[in-house]
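Notes for the structure review
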Amino acid sequence: MLRLLAAFTLAIALPALAQDKFTLQLNWFQLADHSPIYIALKKGYYKQENIDLTVLRGSGSADSAKKIDLKQGDLGISDAPTVITAISKGADLRIVAVVFDKAGNNVFFKKSANIRGPQDLVGKKIAVPPADSHRVLWPAFAAINKLDPNGVTLVNVKPEGKQAIVAAGEVDASFDLYTSYAIWEKVLGKGNVGHLLWADYGLPIYGHTYFVNTELEKRNPKLIERFLRATHKGWRDAQANPREAIDAMAAVVPGLDAEALFNTTPQIMDLCITERSRKHGIGWIERDLMQRTIDITFAQNKPDRPVKVDDVFTNAYSSKIMPAK
Amino acid sequence: MASQQPRERGPERRWLQAAWYYVPSVLVMLGLLLAWQLAVDFWQVKEYILPSPWAALQTLSKSNYQWTANFLTTLYAVLGAFALSAVLGVVLAVVIVWNDLLMRTIMPVLVLFNTLPKIALAPLFVVWLGYGVWPNIVIGTTIAFFPMVVNTAVGLATAEPEMLELVRSLRASRWQVFMKIRFPNALPYIFTGLKLNATMSVIGAIVGEFVASERGLGALIITGGVTLQTPSIFASLGLISLLGLVLYGIVVAVEQLVAPWAYRADTAT
């Protein structure tokens, strides 16, 4: 009888011990800004939070937003403007933290192109990788800098072809995240890369964010908090030791150029660790900046339905993990 | 007067017959569209996930997509690839069949080239040739010309041996043999090649636009995907299908005029 009772108790206790399965949908294939997730995996931070994590590589922000709306994953990484656009089209999504406190939206060109400010972009041909938000943000960036948005020719190009098309001289520049700096240096040569970070020219908005389906918030809000805590511990450790984080990722993801990725880590930490994250913890969201991101997202095209800033994001699951230094 | 009536009815009846022939396929298509519309309405699928056919159709009236300009860009690339593949395919086939040594040297190279996945090569074309209508025509041609070569070559090579012997015994020149026996024999094969070419040129042009483009229906699909304007993707797909269908129809119509003996309605669709 006693043995039966013990078995019964164990049967009840076991599911509680079982780890929560959790699927993270990346925005893109693994880049340096995903390395904190891998150091967190290596150090067992997800296990400590009772999370059995699966990481899926992505194929663009729009695709991950769709997948989380369709509940094909638990938490996604996408550009804030893409998530906001999806919400305006009826997606049940909420942003729960930011990856970057400062958007990495940026334009790269050859130093010899003589581009010194946004006004020098007028009349140029610019390759725009379609799977990111530069195309949506460009009109707003142009307006802030008093430029005609149609003053440049935007050329659709496959994301992996944007460096080659600039190097070949087919276009003058390419919109690409600042975090790809090292890859540009590899293609154009050290000392030959010119760039303008949009945030330095009046476009402070949110870039990459973590977001969930609102159904997960109702079902298991603590799980979101646990995931963010483990992930942000990974960011803290990656900030202290970027080499270790990149190596942890390269050890499990085949085909990565670890050296090139390591070289982009200073830029990545610049965008993630700011005064705001030092004050409130990594990933914390500021309401005013989110409102501004919404305004800029819909500056050209009206949303299908109105989007309220307090519906778009929440700090309720904030990890409060402080940066390393 | 009375004797003219049957002559007037003739073409009318032919048209009626042709129209009647396509009634079942049109009904199936309309039925599928209706089922799609009802399913989207019934399950209330979000428009950005799967729009209804009606929503896609409505997109065509929105001017901000610049449908005409984008359609024309793709049309030029498709027609260019179609024409270039047709000419290149027939010329290569003639050269191959004309000379056995050339057959043995060129054919393996063509087969090897055809096994390369062109979609993987397309980004390199952009680096080599730049982007725009011309590179897209080249990409389309690399995809579409192979079935033209193979079909034409088979048609030229498989003329009836008895016929060939007959005209040779009549001392026909090589050129006469080619023009009077081989080429007419190859016509049905050439039209089969052209039909394949019609659909593959469309695919090729869109592949080119996916890789790099300023405008075109392929560019609209890419932009629609990123900005979650899914109805515009389906509207573009509709136009692309229509373009392929019309081009195919033109080939079939020309075939009926040029080689009516080769045309069989039951294999034309």
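As the structure is a computational prediction, the values presented were derived from the model and not from experiment. (Residues numbered from 1 in each chain as written. Chains lettered and ligands numbered in written order. Predicted model: local features only at pLDDT ≥ 70, side-chain atom pairs only at ≥ 80, totals over all residues.)

**Things to note about the overall build of chain A**
Heads up, the condition is: A run of DSSP states H or I qualifies as a helix once it reaches four residues; a run of E qualifies as a strand once it reaches two. Both are numbered from the N-terminal end. Here the globule rule reads 2.2 Å times residues to the power 0.38, and the radius of gyration is calculated from C-alpha atoms. Throughout, a pair of residues is in contact if the C-beta atoms placed from their backbones lie within 7 Å.
A count of helices and strands for chain A gives 15 helices and 10 strands. Its C-alpha atoms give chain A a radius of gyration of 21 Å, near enough to 20 Å, the size a compact globule of 325 residues would have. When its C-alpha atoms are laid out on the principal axes, chain A stretches across 85 × 45 × 35 Å. Sequence separation of at least 24 residues holds for 81% of the intrachain contacts in chain A that already meet a minimum separation of 6.

**Quick notes on the overall build of chain B**
Convention followed: Here exposure depends only on C-beta density: within 10 Å of a residue's C-beta, 20 or more other C-beta atoms make it buried, 12 or fewer make it exposed, and intermediate numbers make it partly exposed, the C-beta atoms being placed from the backbone.
Secondary structure summary: chain B contains 10 helices and 1 strand in total. Secondary structure elements in chain B, listed N-terminal to C-terminal, are α-α-α-α-α-α-α-α-β-α-α. Expressed as lengths along the three principal axes of its C-alpha atoms, the size of chain B is roughly 75 × 65 × 30 Å. When the 269 residues of chain B are sorted by exposure, 36% land in the buried category. Of the contacts formed within chain B by residues at least 6 apart in sequence, a portion of 75% connects residues at least 24 apart.

**Structural notes on unusual backbone geometry**
Phi is mostly negative for residues that are not glycine, and the peptide bonds are mostly trans. Non-glycine residue lysine 146 of chain A carries a positive phi angle of around 55°. Residue class for lysine 146 of chain A comes out exposed when judged on the 8 C-beta atoms lying within 10 Å of it. A positive phi angle is found at leucine 228 of chain B, which is not glycine, with a value near 60°. Here leucine 228 of chain B lies in the loop between helix H9 (217-226) and helix H10 (230-258).

**Some thoughts on the interface of chain B and chain A**
What counts here: Charged residues are taken to be Asp, Glu, Lys and Arg, nonpolar residues to be Ala, Val, Leu, Ile, Met, Phe, Trp, Tyr, Cys and Pro, and polar residues to be all remaining types, Gly included. Note on pairing: DSSP must find at least two bridges between two strands before they are called paired.
With 20 residues of chain B at the contact, the number on the chain A side is 24 residues. Breaking the side of chain B that touches chain A down by element, the ones donating at least two residues are helix H5 (118-129), strand S1 (212-213) and H9 of chain B. Top element by residues in the side of chain B that touches chain A is H9 of chain B. It accounts for 5 residues. Residue composition of the side of chain B that touches chain A, by class: 12 nonpolar, 5 polar and 3 charged. Two strands pair when backbone bridges link them, and strand S7 (residues 153-157) of chain A and S1 of chain B are joined in this way by 2 bridges, in the antiparallel orientation. Across the sheet, residue asparagine 156 of chain A finds its bridge partner in S1 of chain B, namely serine 213 of chain B.

**Looking at helix H6 (residues 133-157) of chain B**
At 3.6 residues per turn, the α-helix brings residues three or four places apart onto the same side. Residue and element names in this part refer to chain B. As a reminder, the rule being used: By this rule, a helix spans an expected 1.5 Å times one less than how many residues it contains. We define the bend at any residue as the angle between the axes fitted to the seven residues before and including it, ending there, and the seven starting there.
Helix length check: H6, at 25 residues, gives a terminal C-alpha distance of 35 Å against a target of 36 Å (1.5 Å per residue), a fit within 8%. When the local axis directions of H6 are compared, the greatest deviation, roughly 35°, occurs at alanine 144, which is followed within four positions by the proline proline 147. Summarising burial for H6: 21 of the 25 residues are buried, a large majority.

**Here we look at the environment of tyrosine 45 of chain A**
All names here are of chain A. Along the chain, tyrosine 45 turns up in helix H3 (residues 45-48). Its 24 C-beta neighbours within 10 Å are what place tyrosine 45 among the buried residues. For tyrosine 45 and alanine 230, which are 185 residues apart along the polypeptide, the C-alpha to C-alpha distance reads 5.0 Å. The residues touching tyrosine 45, leaving out its near neighbours within four places in the chain, are Ala40, Ala230, Lys233 and Gly234.

**As for the pairing of strand S3 (residues 75-79) of chain A**
All names here are of chain A. When you tally the buried positions in S3, you get 5 out of 5 residues, the bulk of the element. In this structure, strand S1 (residues 20-25) lies alongside S3, joined through 2 bridges in parallel fashion. If you follow leucine 24 over to S3, its bridge partner there is leucine 75. Strand direction decides the pairing type here: S3 and strand S10 (residues 208-213), joined by 5 bridges, are antiparallel. Counterpart to leucine 75 in the pairing with S10 is valine 212.

**A word on helix H8 (residues 181-188) of chain A**
All names here are of chain A. Test applied: It is the directions from the helix axis to the C-beta atoms that the arc portrays.
Taken together, the buried positions of H8 are Tyr181, Ile183 and Trp184. With its buried residues spanning 160° around the axis, H8 presents them on a single face. Buried-residue contacts for H8 involve strand S5 (106-110), helix H7 (162-167), strand S9 (193-197) and helix H12 (258-272). Glycine 189 lies just past H8 and shows a positive phi near 100°.

**Focus on the sheet that holds S1 of chain A**
Residue and element names in this part refer to chain A. Keep this limit in mind: To get an axis, a line is fitted to the C-alpha atoms, and for a helix only the part in contact is used. The angle between two axes follows their N-to-C directions and goes from 0 to 180 degrees.
Ordered by their spatial adjacency, 5 strands build an open sheet running S2-S1-S3-S10-S4, and the pairing between neighbours is mixed. The open sheet is flanked by strand S2 (51-56) and strand S4 (93-98), the only strands paired with a single partner. Geometrically, the sheet is characterised by an average inter-axis angle of 30° between neighbouring strands, direction not taken into account. As defined by bridge partners, S1 adjoins S2 across 6 bridges and the pair is classed as parallel. Looking at S2, one finds that phenylalanine 22 is bridged to leucine 53.

**Notes on the nonpolar core**
Rule in force here: Put simply, a nonpolar core is a cluster of buried Ala, Val, Leu, Ile, Met, Phe, Trp, Tyr and Cys residues tied together by C-beta atoms within 7 Å.
Ranked by size, the top nonpolar core spans 154 residues in total, and within it Val83, Val96, Ile126, Val155 and Ala173 of chain A carry the most contacts. The biggest single contributor to this core is helix H8 (residues 174-211) of chain B, with 14 residues. Residues within four places of isoleucine 126 of chain A in sequence aside, it is in contact with Val107, Leu121, Val152, Thr153, Leu154, Val155, Val171, Asp172, Ala173, Ser174 and Phe175 of chain A.

**Observations concerning the sheet that holds S9 of chain A**
Reading across the sheet, the 6 strands line up as S9(A)-S5(A)-S8(A)-S6(A)-S7(A)-S1(B) and stay open at both edges, with mixed pairing between neighbours. Looking along the sheet, the strands with just one partner apiece sit at the ends: S9 of chain A together with S1 of chain B.

**A look at the packing of H6 of chain B against H8 of chain B**
Residues and elements named next belong to chain B. The test is simple: Each angle receives one of four descriptions, namely roughly parallel if under 35 degrees, roughly antiparallel if over 145, roughly perpendicular if within 65 to 115, and oblique otherwise. Here a crossing is called left-handed whenever its near helix is offset anticlockwise from the far helix by less than a right angle, and right-handed whenever the offset is clockwise.
Put simply, H6 and H8 touch, their axes get as near as 7 Å, and they point 160° apart. Judged by the angle between their axes, H6 and H8 are roughly antiparallel. Judged by the sense of rotation from one axis to the other, the crossing of H6 with H8 is right-handed. Class assignment of the residues belonging to the contact of H6 with H8 gives a composition of 17 nonpolar, 13 polar and 2 charged.

**Things to note about the confidence of the model for chain B**
Residues and elements named next belong to chain B. Heads up, the condition is: The predictor reports its confidence for every residue as pLDDT, a score running from 0 up to 100.
Here chain B averages 88 in pLDDT, while 93% of its residues score no lower than 70. Counting interchain partners and residues more than four positions distant, the pLDDT-below-50 stretch residues 1-7 has 0 contacts. Of the regions scoring below 50 in pLDDT, residues 265-269 engages in 4 contacts with residues more than four places distant in sequence or in other chains. As a predicted assembly, this complex carries a pTM of 0.80 together with an ipTM value of 0.71.

**A look at the environment of lysine 118 of chain B**
Residues and elements named next belong to chain B. Within the fold, lysine 118 resides in helix H5. Sequence separation between lysine 118 and glycine 208 is 90 residues, and the spatial gap between their C-alpha atoms is 9.9 Å. When neighbours within four sequence positions are excluded, lysine 118 is seen to be in contact with Ile139, Thr142, Ile143 and Val207.

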